[in-house]
Each structure stands twice: as structure tokens, then as C-alpha cells.
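Residue-level structure breakdown
Here's the letter readout for the chains.
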Amino acid sequence: MKFSYSFSLPALAPQVASEELHPYDYNEFLLSLSADWRQVPVSKDRTLRWYSDKLKAEIIVSVDFYEVPESKWANVAEVTLEGRHKALAEACGDTLTVVSRSAKPYSGGGGLEVSYAAHTNDMTHIYLGYVTARKVFNFSLTGGANKASLVELYNRLMERQLRVKVP
């Protein structure tokens with residue numbers, strides 16, 4: 001009696017060289033960025049900014065400390081979204097296209113997750129924020145016209161490189 005077995009092995013995923021990341025560890029968040037990101041001085045309190053010449057993109061992180069009762073979270077989220085949209089609309093004019101805008105309960109509890117994405121032909125802006133009982137956390141990524149690469153960077157940052165302390 002002869003038995004014949006066949007099976008196939010999945011192709012090995014190509015090994016991607018791991019990128020060395022520099023951690024920026026603050027009270028409210030941890031952000032790890034590659035060496036091509038440089039920190040840029042800002043004049044605003046509780047605001048940090050990084051810029052990548054390679055990617056032609058910037059990251060701005062800020063935290064505003066407020067005592068916000070849960071009953072006011074939705075109002076603060078709407079004010080945050082409206083302020084962001086108004087500033088971008090004034091800067092970009094009629095060329096601004098809003099892709100998404102939302103405020104929803106944070107999956108881990110303790111606050112609302114606020115998001116906004118918009119673009120023009122030359123710029124893409126992606127925002128993520130959290131409204132909690134003690135703060136409003138803001139993270140924005142803005143870059144050039146290559147929307148796909150900016151979205152890919154944003155997703156990588158959210159999956160592996162940014163940890164926000166909520167609440």
C-alpha cells in the first residue's frame with residue numbers, strides 16, 4: 001500500500017528591517033519615533049511638535065487639563081472638532097474636503113475618542129483626541145499630498161508607537 005501526502009507551506013513574509021525608534025515618554029503619553037523625526041520648539045505650553053524632512057510631515061501633541069464632568073464630554077468634543085475644522089477651513093478655503101469626523105465612547109472607557117480627517121490636493125490632516133474627566137489630549141499628523149503614505153504612517157503610529165494614558 002502506498003500513501004501519498006502533499007501539503008503546501010505558506011510563503012514566508014518578507015522580513016522588514018526593524019526601525020530603531022526613539023521613545024518620548026511623558027506623563028500623559030509615550031510616543032516612539034524614528035531618527036528622521038526631529039523635535040521642533042513651540043511657544044505654547046503643554047504642546048510638543050516633531051517634523052520629518054524625509055516624510056514632509058509633522059506631528060503635534062498637546063494636552064489641556066480641565067475638570068470635565070462626563071455630562072459635558074460631548075460638548076467639549078464638539079467644540080474641539082469645530083475648532084479644528086474652522087482653523088483648517090480658514091487656512092485651506094474651499095479646497096478642504098472632510099473625510100471623517102466623529103466623537104464616540106473610548107473602547108477602554110473613561111472618556112470620548114474624537115477623530116477628524118481632512119485633506120486638500122496638497123495636504124492631509126489626521127487628528128485623534130481624547131476627552132476625559134481631567135484632560136483633553138490632542139494628536140495630529142499633517143503631511144503632503146501622498147495621502148496613502150500618511151494614512152499608513154498614522155496607522156503604524158496608532159498600532160505600535162503611540163500610547164496615550166486615558167483617562
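Structural data are supplied above this passage.
Quick look at the structure, then. Quick caveat: nothing in here was measured; it's all calculated off a predicted structure.

**Let's talk about the overall build of the protein chain**
Secondary structure assignment for the protein chain yields two helices and ten strands. Sequence-ordered secondary structure for the protein chain, helices as α and strands as β, is β-β-β-β-β-α-β-β-β-β-α-β. Put simply, the protein chain has 167 residues, and 38% of those count as buried. Counting contacts in the protein chain only where the partners sit at least 6 residues apart, residues at least 24 apart contribute 44% of the total. When the accessible surface of the protein chain is summed, it comes to about 10,700 Å², and 54% of that surface belongs to carbon and sulfur atoms.

**Focus: the packing of aromatic side chains**
In the structure shown here, the tally under the stated rule is six aromatic pairs. Residues Tyr106 and Tyr130 carry aromatic rings whose centres are separated by 5.2 Å and whose planes lie at 80° to one another, so their mutual orientation is edge-to-face. With a gap of 24 residues between them, Tyr106 in the loop between β6 (97–105) and β7 (111–119) and Tyr130 in strand β8 (residues 124–132) connect regions that are remote in the sequence. Given a relative accessible area of 23%, Tyr106 falls into the partly exposed group. Note on Tyr130: relative accessible area 8%, which makes it buried. The interplanar angle of 40° and the centroid separation of 6.4 Å between the aromatic rings of Tyr130 and Phe137 together place this pair among those described as tilted. Take Tyr130 and Phe137: they sit in the same class, and that class is buried. Clustering of aromatic rings is evident, with ring pairs tying together Tyr26, Phe29, Tyr106, Tyr130 and Phe137.

The rules we used
Residues numbered from 1 in each chain as written. Predicted model: local features only at pLDDT ≥ 70, side-chain atom pairs only at ≥ 80, totals over all residues. Heavy atoms only, no water. Helix = DSSP H or I, 4+ residues; strand = E, 2+ residues; numbered from the N terminus. Buried < 20%, exposed > 50% of the residue type's maximum accessible area, 1.4 Å probe, protein only. Contact = heavy atoms within 4.5 Å. Areas by Shrake-Rupley, 256 points an atom, 1.4 Å probe, with all protein chains shown as cover. Phe/Tyr/Trp six-rings, centres within 6.5 Å; stacked < 30°, edge-to-face > 60°.

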